[in-house]
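Here is what each chain is made of, one letter per residue.
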Amino acid sequence: MDSRSRVRPWILAIHSCIDGDSFESSYNLLMTKHLVGLLLVVFVRKDIYKFVLDIEKASIGCGTGGVGNKGAVAVRFNLFGSSFCFVNAHLAAHRENNSQRNSDYHRIISKMQFRYSPSSINAGKTSPRAARVLDHDYIFFLGDLNFRLNLNDDKLWMVYSNISRKEWGNLIKYDQLNAAREEGACFTDFEEAIISFPPTFKYMPKTDDYATGDGKNRMPAWCDRILWKAREKHRVEQYSYKSTSDVVNSDHKPVTGSFAVMIPVPNLKNEVTTQITRVSSTSALNDRLEYFNEKIIHGSFSSMEVVAAPSSPQSDSTTRASKDRNIGFGKVTARRKRHSSHKKLYSM
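Throughout, a residue's number is its position along its own chain's written sequence, starting from 1. Residue-level local features of this predicted model are given only where pLDDT is at least 70; pairs of side-chain atoms are given and counted only at 80 or more, and the full residue set underlies all totals for whole chains, interfaces and linings. Side-chain measures were taken over the full set of non-hydrogen atoms in the model, leaving aside hydrogen atoms and water.

**As for the overall build of the chain**
Put simply, DSSP H or I for four residues or longer makes a helix, DSSP E for two residues or longer makes a strand, and each gets a number counted from the N terminus. Scanning the chain from N- to C-terminus turns up nine helices and 14 strands. Three labels apply to residues, based on accessible area from a 1.4 Å probe with only protein chains included: buried if under 20% of the type maximum, exposed if over 50%, partly exposed otherwise in between. In the chain, which comprises 348 residues, the share counted as buried stands at 51%. Residues are treated as being in contact if the distance between any of their heavy atoms lies within 4.5 Å. For the chain, the share of sequence-separated contacts (at least 6 apart) that also reach a separation of at least 24 residues comes to 67%. Computed with the Shrake-Rupley method and a 1.4 Å probe, the accessible areas treat only the protein chains shown as cover for residues. As displayed, the chain has an accessible area near 15,900 Å², and 47% of this comes from carbon and sulfur atoms.

**Quick look at the packing of aromatic side chains**
Pairs of aromatic rings are described using the distance from one ring centre to the other and the angle between the two planes. When the centres of two rings from Phe, Tyr and Trp lie within 6.5 Å, Trp using its six-membered ring, the rings pair. Their planes under 30 degrees apart give stacked, over 60 give edge-to-face, and anything left gives tilted. Counted by the stated rule, this structure contains 16 aromatic pairs. Look at Y105 and F190: their rings are 6.4 Å apart centre to centre, the planes differ by 85°, and that puts the pair in the edge-to-face class. Within this pair, whereas Y105 is found in helix α2 (residues 98-111), its partner F190 is found in the loop between α6 (176-183) and β9 (224-230), the two being separated by 85 residues in sequence. Using a relative accessible area of 3% as the deciding quantity, one classes Y105 as buried. The exposure class assigned to F190 is buried, which follows from its relative accessible area of 2%. In this structure an aromatic cluster arises from ring pairing among F77, F84, F86, Y138, F140 and F259.

**Thoughts on helix α4 (residues 156-164)**
Residues of α4 that are buried include every one of L156, V159, Y160, N162 and I163, and no others. The buried residues of α4 occupy an angular sector of 165° when projected down its axis, which confines them to one face. Exposed and facing more than 90 degrees away from the buried side of α4 are W157 and S164. Lining the buried residues of α4 we find α5 (169-172). Looking one or two residues beyond α4, the residue adopting positive phi is K166, at roughly 60°. This arc describes the spread of directions from the helix axis toward the C-beta atoms.

**Things to note about the pairing of strand β5 (residues 82-90)**
The side chains of a regular strand alternate, residue by residue, between the two faces of the sheet. With respect to burial, β5 is a largely interior element, nine of its nine residues being buried. Neither face of β5 is exposed, since S82, F84, F86, N88 and H90 on one face and S83, C85, V87 and A89 on the opposite face are all buried. In this analysis, strands are considered paired if DSSP registers two or more bridges between them. Sheet topology note: the strand β4 (residues 71-79)/β5 ladder contains nine bridges and is antiparallel. The residue bridging A74 from the neighbouring strand is V87, located in β5. What sits between the antiparallel neighbours β4 and β5 is a turn of two residues, in which F80 has the positive phi angle 50°. Bridge analysis of β5 against strand β8 (residues 138-144) gives seven bridges, and the strand direction is parallel. Directly across from H90, in β8, lies its bridge partner D144.

**Digging into the sheet that holds β8**
Reading across from one edge, β3-β4-β5-β8-β9 is the order of the five strands in this open sheet, with mixed pairing throughout. Only two strands of the sheet have a single partner each, and these edge strands are β3 (52-61) and β9. Shown here is a sheet whose adjacent strand axes are inclined to one another by a mean of 10°, direction ignored. Running over the sheet, α2 touches β3, β4, β5 and β8 and is turned about 140° from β3. A fitted line through C-alpha atoms serves as each axis, taken over the contacting stretch for helices, and the angle formed by two N-to-C directions is quoted from 0 to 180°.

**Overview of the pairing of β9**
A large share of β9 lies buried, amounting to six of its seven residues. Summarising the sheet, β8 and β9 pair through seven bridges and their orientation is antiparallel. Counterpart to L142 in the pairing with β9 is I226.

**Here we look at the nonpolar core**
Buried residues of nine kinds, namely Ala, Val, Leu, Ile, Met, Phe, Trp, Tyr and Cys, make up a nonpolar core once their side-chain atoms join them within 4.5 Å. One finds F77, L79, F84, Y138, F140 and L149 to be the most contacted residues of the largest nonpolar core, which totals 46 residues. What L149 contacts, discounting residues up to four positions off in sequence, is R95, V159, L171, Y174, D175, M219, P220, A221 and W222. Counting 26 residues, the second-largest nonpolar core is a separate cluster that includes F114, V133, L145 and C186.

**Notes on the confidence of the model for the chain**
As a per-residue measure, pLDDT reflects the predictor's confidence and takes values from 0 up to 100. Here the chain averages 78 in pLDDT, while 68% of its residues score no lower than 70. Of the regions scoring below 50 in pLDDT, residues 271-328 engages in 146 contacts with residues more than four places distant in sequence or in other chains. A low-confidence stretch, residues 338-348 stays under pLDDT 50, and its non-local contacts, those more than four residues away or across chains, total 82 contacts.

**Some remarks on unusual backbone geometry**
A cis amide bond links F201 with the next residue in sequence, K202, at an omega value of 5°. Its place among the elements puts K202 in the loop between α6 and β9. One non-glycine residue, N146, adopts positive backbone phi at about 70°. Positionally, N146 belongs in the loop between β8 and α4. Residues other than glycine seldom take positive phi values, yet K206 does so here, at roughly 70°. Structurally, K206 can be placed in the loop between α6 and β9. The exposure class assigned to K206 is exposed, which follows from its relative accessible area of 68%.

Encoded structure:
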């Protein structure tokens, strides 16, 4: 079965997961993008679906000659003047290929392009350029990034000993990704929450046991990660960052994260009228204005949540309310299909 034929079953399964036992779906599918074993799925809450603009997807290969099973897929969009970009990546494998992982990252952020550009990057320019990943206001970069521990195989049992005692700090100091970020080699200015879960690789499929005795001596590592970057960091709050042992049909364990991102809605009704060129009819514009009248002016919106967990955390939106109106937009799921090692990035 080719990877394309596996996309729809995953979309249906994810949609069922995010809606739970609801009789009627609360989300619309916004966009999907897949590349070999990578899949990114974006859902948006129905009541604001029509306000999501400039939706676009992209992909790039990172293998030899830009082909193979390494690379990235992305989806970007604008919501009320804020631009979002979600990237699901699968970088070079094996401990000794650290420099290649850094190169893969730089290829993704420099070569992956979008037709629609955040207005800020082309303001006042006579020759607009295409948008790239780092041009967006909010970026979530996740996937099997494949960074390993800088430890030789003779330290394998020391690693297992620390895992059994949940002494993550004794191991994370050897993490290649953290070292690369500190050196400025990749993911400059990205944020990652403190890791407080076991290494997500390498497991024996159908078990919760690390792979041992297979002759490969694969060192456990935190291969699966979620990082984020924002122009205004104070607008992003991360609730959780964890792995789950529920999925056992892979040699990886899924990682989830939950976030709240509070975005401003400037000018209220004026914000809608400035988008008239993107509205197909007068009735559609009237629908938008009516929605603003009923929802925004009367303060019916709750704060936005980007949830990377199977269920959204309970939160009191009123405690986070500010002078800006805050919007929740949808759910995003990214996974690497080949090994069933998925990361979920949901929102509201």
